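A closer look at the structure
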Amino acid sequence: MNFLETRVLIVGGGPAGATAGRFLAASGVDCIILERHPRRTKPCGGGIPCGAFEELQLPENLIKKKVCALRVSPPKSTPFEICFQSGYIGIVERQEFDSALREMAQAQGARLLDGEFLCFLPPENGRCDDHIVCEAVSGGERLEVRSELVIAADGVNSRVRTALGMKPMASLYTLGAKLPAGGTMGNSCEFYFGRFATGGYSWIFPGGASVSAGTGSTDPRKLKPAYERLLSEKGVPPEAAAAPGPRGYRIPLWEGQPLVREKEKVLFAGDSAGLVMPFTFEGIYYAMRAGQLAAQAIAEGDLGLYGKLWRQRFRSRFLLMKGLWRIFLTTEAGTEALISAFRDERVQQMGIKLWLDKTSGRGTLASFINVLRKRVLF
Ligand SMILES: Cc1cc2nc3c(=O)[nH]c(=O)nc-3n(C[C@H](O)[C@H](O)[C@H](O)COP(=O)(O)OP(=O)(O)OC[C@H]3O[C@@H](n4cnc5c(N)ncnc54)[C@H](O)[C@@H]3O)c2cc1C
């Protein structure tokens, strides 16, 4: 058995883990990012609002396509387009993007280890008052990593959560594939509601030479028919999907999951904490910001600061979107009413502003709720 020692072990080198590593190392905190599949591409639309690139100082050359328009298909009425007055959604390729985030962390001094977290070693073996010992496997060898803290950034199927005996997360189920761009696909982000998805939506997101097409639903049995309906709507034969064909994956549903387990000295960031925006199911930005805030709390020596900062910045947005999702997206009539409200230019532009620029304050959020309430209820 090999041994390693660090102040913070980060399990998972996706957007949450790589960003945590970058900001920890930049603050002079020794850390190791443990990533089991550094060359694998996560199934993901890769859509990130433009404000995130500035806020987190990410290189814009990672953007494959800048999208400035959405096409929305409500359950019953005719589809419509929303053009952004300013800003864009940047589409990234996840393998390249995640690798670049890890390189940024390494450039600050974080250590990257190609390996898999297996479990915590039992107290009598490894855990004492101020240290945690994790067992991992790297290059076919067993490894013990001793650290003061662990950041769980290992995604929706988090093994750290399982190792701590936490229950699996409720989730939205997805089925999607890469399709060749062309025809009417590839210029805007397209969203389909109603018969295309139950409790979620189907999407087409442009990329470079391909588009990401898929469907998300709370009911896994409805995925395949909804995915086939989407392809048939776009006139795409099922065999057009790039190998390995359509892949299923889960997106966590946010339920106010704990961000820190102080006793065990574990912090959770990104999907492993359920930090995906309800309704839009946007997770990359929130994973990166959670990694950054967790790093700040550790660097300042106050783990409680992580939850405090997160609640100050994001809780009201998450609560609003969860409410909208529960009230409107779970019935076809509700979905029609809410989505149709976005035909109104004022609702469109306020919603787009909140999406693209997450630094906009509570005032913008309050005005949006007001306008939306009037438009949907009266
Ligand atoms: C089909 C689909 C489409 C999506 N589209 C978008 C979109 O367009 N825009 C958007 O913002 N969000 C989107 N999301 C959500 C987004 O992908 C996630 O919210 C985001 O990737 C979360 O980042 P993360 O770092 O928390 O987790 P992940 O990206 O899942 O990264 C976790 C990392 O941990 C590693 N890991 C896991 N277990 C271990 C272990 N035991 N040991 C070591 N390493 C481990 C994994 O290999 C992985 O690299 C989509 C999700 C899906 C499923």
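Residues numbered from 1 in each chain as written. Predicted model: local features only at pLDDT ≥ 70, side-chain atom pairs only at ≥ 80, totals over all residues. Heavy atoms only, no water.

1. Overview of the site of the ligand
Around the ligand sit 34 residues, and of these Glu35, Gly47, Arg94, Phe117 and Asp271 come closest. A distance of 3.0 Å is found between a nitrogen atom of the ligand and a backbone nitrogen or oxygen belonging to Gly45. Within the contact set of the ligand, an oxygen atom lies 3.2 Å away from a backbone nitrogen or oxygen of Gly46. In isolation the ligand has 1,000 Å² of accessible area, and contact with the protein removes 93% of it. Residue composition of the shell around the ligand, by class: 16 nonpolar, ten polar and eight charged. (Near = heavy atom within 4 Å. Polar contact = N/O pair within 3.5 Å; in protein donor to acceptor, adjacent residues only side chain to side chain. Areas by Shrake-Rupley, 256 points an atom, 1.4 Å probe, with all protein chains shown as cover. Nonpolar A, V, L, I, M, F, W, Y, C, P; charged D, E, K, R; others polar.)

2. Some remarks on the nonpolar core
With 114 residues, the main nonpolar core has Ile151 and Tyr306 as its most contacted residues. Ranked by residue count, the leading element in this core is helix H7 (residues 304-329), at twelve residues. Here Tyr306 is in contact with Leu259, Val260, Leu267, Phe268, Ala269, Leu275, Ala290, Leu293, Ala294 and Ala297, once residues within four sequence places are set aside. (Core = buried A, V, L, I, M, F, W, Y, C linked by side-chain atoms within 4.5 Å. Buried < 20%, exposed > 50% of the residue type's maximum accessible area, 1.4 Å probe, protein only. Helix = DSSP H or I, 4+ residues; strand = E, 2+ residues; numbered from the N terminus. Contact = heavy atoms within 4.5 Å.)

3. Quick look at the pattern of salt bridges
All told, the structure shown has 21 salt bridges when counted by the stated rule. A salt bridge links Glu5 to Arg146, with the nearest nitrogen and oxygen atoms 3.6 Å apart. A residue pair is termed long-range when its members are at least 10 positions apart, and Glu5 in strand S1 (residues 2-11) and Arg146 in strand S11 (residues 141-152) qualify at 141 residues. Since its relative accessible area comes to 32%, Arg146 is described here as partly exposed. Ionic pairing is found between Glu60 and Lys66, a salt bridge with its closest N-O pair at 3.1 Å. One network of salt bridges, with partners in common, ties together Arg36, Glu116 and Arg159. (Salt bridge = Lys/Arg side-chain N within 4 Å of Asp/Glu carboxyl O.)

4. Topic: the packing of helix H6 (residues 284-299) against H7
Where H6 meets H7, the closest approach of the two axes is 7 Å, and the angle between their N-to-C directions is 155°. By the angle between their axes, H6 is roughly antiparallel relative to H7. Of the two elements, H6 crosses H7, and the hand of that crossing is right-handed. For the pair H6 and H7, the contacting residues are Tyr285, Tyr286, Arg289, Ala290, Leu293, Ala294, Gln296 and Ala297 in the first and Leu305, Tyr306, Leu309, Trp310, Arg313, Phe314, Arg317 and Phe318 in the second. Of the residues contributing to the contact of H6 with H7, the split by class is twelve nonpolar, one polar and three charged. (Axes fitted to C-alpha atoms, helices over the stretch in contact; angles between N-to-C directions. Parallel < 35°, antiparallel > 145°, perpendicular 65-115°, else oblique. Left-handed = near helix turned anticlockwise from the far one by under 90°.)

5. Things to note about the domain arrangement of the protein
For the protein, the assigned domains read domain 1 (2-44 + 94-168 + 254-312), domain 2 (66-90 + 171-252) and domain 3 (316-377). Of the residues lining the interface, 14 residues belong to domain 1; the matching set on domain 3 comes to 13 residues. Both sides of the domain 1 and domain 3 interface together cover about 1,300 Å² of buried area, and 76% of this is carbon and sulfur. Considering only the side of domain 1, the residues that lose the most area to domain 3 are Trp254, Met277 and Phe279, jointly responsible for 48% of the buried surface there. At the junction of domain 1 and domain 3, the tally comes to one salt bridge. Ionic pairing is found between Lys358 and Glu282, a salt bridge with its closest N-O pair at 2.8 Å. There are three residue pairs in polar contact (both at pLDDT 80 or more) connecting domain 1 and domain 3. (Domains from an automatic or database assignment. Buried area = accessible area lost by both parts, 1.4 Å probe.)

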